[in-house]
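# Descriptive analysis of the structure
Each chain is listed here by its residues.
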Amino acid sequence: MLHLFQTGHNWGDDFALYLAQAKSLATGSTKEVIDANKFSINYSSIHNFSPLLAPWGWPILLAPVYQIFGLNIVAFKVFEYFFWLAFLSIFYLFSSLNIKKELSLLLLLFLCIHPNYNNHLNTILTEIPYLFFSTFSLYCIQKYQPSTFTYLKGILLGLVIYFSFLIRTEGIILIAALFASQVRWYVLHRKELKFKILISWLSTPFLSIITLYCIGLCWLPNGFLTHLHNSNLISIHSINNAFHFYIEKSQLFLGTENYVFVFYLLSILFFWGFIYRFIKDIHASIYLLCITIVYLLWPFKESRYLLVFFPFICYFICQGIALCYQLYSLKPYLYTGITIAMLSCILFFGDTNLIENRKRPPIEGPFKPNAQEMFAYVKKYTKPNDVIIFFRPRAMSLFTERKSAMIFRNWEEIQQLGNYLVIHKHSTTPFQFAPTAPFFFKPDFSKKFTIVFDNWDFTVYKILALKS
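The present account deals with the structure reproduced in this document. Keep in mind it's a predicted model, so treat the numbers as computed, not measured.

Definitions and limits used
- Residues numbered from 1 in each chain as written.
- Predicted model: local features only at pLDDT ≥ 70, side-chain atom pairs only at ≥ 80, totals over all residues.
- Heavy atoms only, no water.
- Helix = DSSP H or I, 4+ residues; strand = E, 2+ residues; numbered from the N terminus.
- Buried < 20%, exposed > 50% of the residue type's maximum accessible area, 1.4 Å probe, protein only.
- Contact = heavy atoms within 4.5 Å.
- Areas by Shrake-Rupley, 256 points an atom, 1.4 Å probe, with all protein chains shown as cover.
- Pairing = 2+ DSSP bridges.
- Axes fitted to C-alpha atoms, helices over the stretch in contact; angles between N-to-C directions.
- Parallel < 35°, antiparallel > 145°, perpendicular 65-115°, else oblique.
- Left-handed = near helix turned anticlockwise from the far one by under 90°.
- Nonpolar A, V, L, I, M, F, W, Y, C, P; charged D, E, K, R; others polar.
- Polar contact = N/O pair within 3.5 Å; in protein donor to acceptor, adjacent residues only side chain to side chain.
- Disulfide = S-S within 2.5 Å.
- Salt bridge = Lys/Arg side-chain N within 4 Å of Asp/Glu carboxyl O.

### What about the overall build of the chain?
Broken down by element type, the chain carries 20 helices and 5 strands. Per-residue burial for the chain yields a buried fraction of 54% across its 468 residues. Of the contacts formed within the chain by residues at least 6 apart in sequence, a portion of 75% connects residues at least 24 apart. For the chain, the computed accessible surface area is about 22,100 Å², with 66% contributed by carbon and sulfur atoms.

### Quick look at the sheet that holds strand β4 (residues 449-454)
Ordered in space as β2-β1-β3-β5-β4, the 5 strands form an open sheet in which the pairing is mixed. Since the sheet does not close on itself, it has two edges, and those belong to β2 (403-405) and β4, each with one partner. This sheet shows a mean twist of 30 degrees between the axes of neighbouring strands, independent of strand direction. Pairing geometry for β4 and strand β5 (residues 458-463), over 5 bridges, is antiparallel. When the sheet's bridge partners are listed, Thr450 is paired in β5 with Lys462. The strands touched by helix α17 (residues 369-381) within the sheet are β1 (387-389), β3 (420-424), β4 and β5, with β5 carrying the most contacts at an inclination of about 20 degrees. Relative to the sheet, helix α18 (residues 393-400) contacts β1, β2 and β3, its axis offset from that of β2 by approximately 165 degrees.

### A few points about unusual backbone geometry
Despite not being glycine, Glu401 shows a phi value in the positive range, around 60 degrees. Its location among the elements puts Glu401 in the loop between α18 and β2.

### Observations regarding the packing of helix α4 (residues 73-96) against helix α5 (residues 101-112)
For the pair α4 and α5, the least separation of the axes is 9 Å and the interaxial angle reads 155 degrees. Classified by the angle between their axes, α4 and α5 sit roughly antiparallel to one another. Of the two possible hands of crossing, α4 and α5 adopt the one that is right-handed. Two secondary-structure elements touch here, α4 through Trp84, Phe87, Leu88, Phe91, Tyr92, Ser95 and Ser96 and α5 through Lys101, Ser104, Leu105, Leu107, Leu108, Leu111 and Cys112. Classifying every residue of the contact of α4 with α5 by side-chain character gives 10 nonpolar, 3 polar and 1 charged.

### With respect to the side chain of Thr126
Locating Thr126 in the fold gives a position in the loop between α6 (115-120) and α7 (127-143). Overall, Thr126 belongs to the buried group, its relative accessible area being 1%. Discounting chain neighbours no more than four positions away, the residues touching Thr126 are Tyr18, Trp58, Ile167 and Arg168.

### Remarks on the packing of helix α9 (residues 173-189) against helix α14 (residues 282-297)
Each pair of packed helices gets described by two things: the angle between the helix axes and the distance between those axes. Packing of α9 against α14 leaves a shortest axis separation of 8 Å and a crossing angle of 150 degrees. By the angle between their axes, α9 is roughly antiparallel relative to α14. For the pair α9 and α14, the crossing hand works out as right-handed. Listed contacts from α14 to Ile173, Leu174, Ala176, Ala177, Ala180, Ser181 and Arg184 of α9 are Ile282, His283, Ile286, Tyr287, Cys290, Ile291 and Val294. For the contact of α9 with α14, a count of residues per class yields 11 nonpolar, 2 polar and 1 charged.

### A short note on the environment of Ser134
Locating Ser134 in the fold gives a position in helix α7. Put simply, Ser134 and Phe163 are 29 residues apart on the chain and 8.9 Å apart in space, counted from C-alpha to C-alpha. For Ser134, the contacting residues outside a window of four places in its chain are Ser164, Leu174 and Tyr287. A distance of 2.7 Å separates a polar atom in the side chain of Ser134 from the backbone oxygen of Tyr130.

### Section: the pairing of β3
Burial analysis of β3 places 5 of its 5 residues in the buried class, which makes it a mostly covered element. Side chains of β3 alternate between two faces, with Tyr420, Val422 and His424 and Leu421 and Ile423 buried alike. Pairing of β1 with β3, which is carried by 2 bridges, proceeds in the parallel orientation. Along β3, the bridge assignment pairs Ile388 with Tyr420.

### Some details on the state of the cysteines
The tally for this structure, following the rule as stated, stands at 0 disulfides. Cys218 carries a free sulfur, and the closest cysteine sulfur to it, the one in Cys214, is 7.0 Å from it.

### A closer look at the pairing of β5
Burial analysis of β5 places 5 of its 6 residues in the buried class, the great majority of the element. When β3 meets β5, the two strands line up antiparallel, connected through 5 bridges. If you follow His424 over to β5, its bridge partner there is Phe458. Counting the residues between successive antiparallel strands, the hairpin from β4 to β5 contains 3 residues.

### Focus: the environment of Gln372
Looking at the secondary structure, you find Gln372 in helix α17. In this structure, the C-alpha to C-alpha distance between Gln372 and Thr400, residues 28 residues apart in sequence, is 9.9 Å. Excluding anything up to four places from it in sequence, Gln372 contacts Pro366, Phe367 and Phe399. From its side chain, Gln372 meets the backbone oxygen of Pro366 in a polar contact 2.7 Å long.

### Notes on the pattern of salt bridges
Counting across every chain of the model gives 14 salt bridges. Linking Asp281 and Arg277 is a salt bridge whose minimum nitrogen-to-oxygen distance equals 3.1 Å. Each member of the pair, Asp281 as well as Arg277, carries the same accessibility label: buried. Here Lys425 ties to Asp454 by a salt bridge, and the two come within 3.1 Å at their closest N and O atoms. Of this pair, Lys425 sits in the loop between β3 and α20 (445-448) while Asp454 is found in strand β4, placing the two residues 29 residues apart along the sequence. The partly exposed category is assigned to Asp454, whose relative accessible area is 46%. Connected through salt bridges with shared partners, the residues Asp13, Asp14, Glu127, Arg168, Glu170, Glu302, Arg304 and Arg394 form a single ionic network.

Any link to function would need more than the numbers given here.
So this is what it looks like as structure tokens:
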């Protein structure tokens, strides 16, 4: 992590909404965050780039960090590192319950040094904390048995599952994993159970989840999207596109096209392990199956979603490897050598070569000095009710406390809505007019826009045209 650490954050401004909500919890300004983000969504050229609010779990965790350190990106990244280390620890405990400790350790080391995870730690997003809470939930589900049942354990299990859902809405799948695990345990041991203990053991975590959900509805404003909000975008075509997208992006984990044989070999091991262990690991099986279906149905596709369930794919690959050891009575030193060789093929071939990832300069994004200088100017020299047109409106609102919109389709909308236009001079993003757009060079441009701030990366224009 230290080897790949970079200061700053990229321009993808999902993080800005998380930090804005964390800030609102610390300062009591939740209404202002809702109003600003609703404005950005309603008046931007596209309207589906953001939910009204992100789920509250991650902002709740970030709020104390903001209270102590303010908008210090290093503090937030260090905080996320703790969740990564916590995930690795709990994932080792989870995997070592069912596969040999040596194999669990190799799997742990593989995830530890995997560049896709270490690179992702340079962003303040929900994948890593969700990984921790979802894996912790699965570990607790496996350990949750009637023979050791107490009400406290049932309540705490419900709390962990609920908080997984509160970080990412797909965490609700863990309820299905819990139910499947309980059904399996009941079928195998129903004659050993007393009715009173059985009812308490079955119902306590679910009652805990329902109670916490009701408390959350009363305490926290709701506005984040569920997976049903965009059901109209789901079709056979979108599912097919999602399948091919994730298969293609899986090459980031499994090597380049030159080593596609590794992908097929691991696919065979995965399906072998998944089918063989489906019932014994039914909580993990159901979880992985359901979350795969969710991401295939979810119309928006991002490669970072793979990070959420990739460790469980690896887990079942290891189950397939363990089955090979069992069937062919391989010696420990031999299967250890084979496993290391396979993981080395995955990790060090192609674009994910850890050795080639040297310590790099600060990330180009909103925390760089030129961006912070621009935000400081906007906050100091604009009025509280001014509207700033910018290609990342949530970042603009976070740093300046001004309403912002992303308009890139016509100049009339900019002049009608905005008081200031901010252009990133070196960005090729499609979400702003290019700095070389012909409009900038028209003779009457200066009658409508005048430069009030300029540095190496940004130009701020005051919009002079009268609004109707």
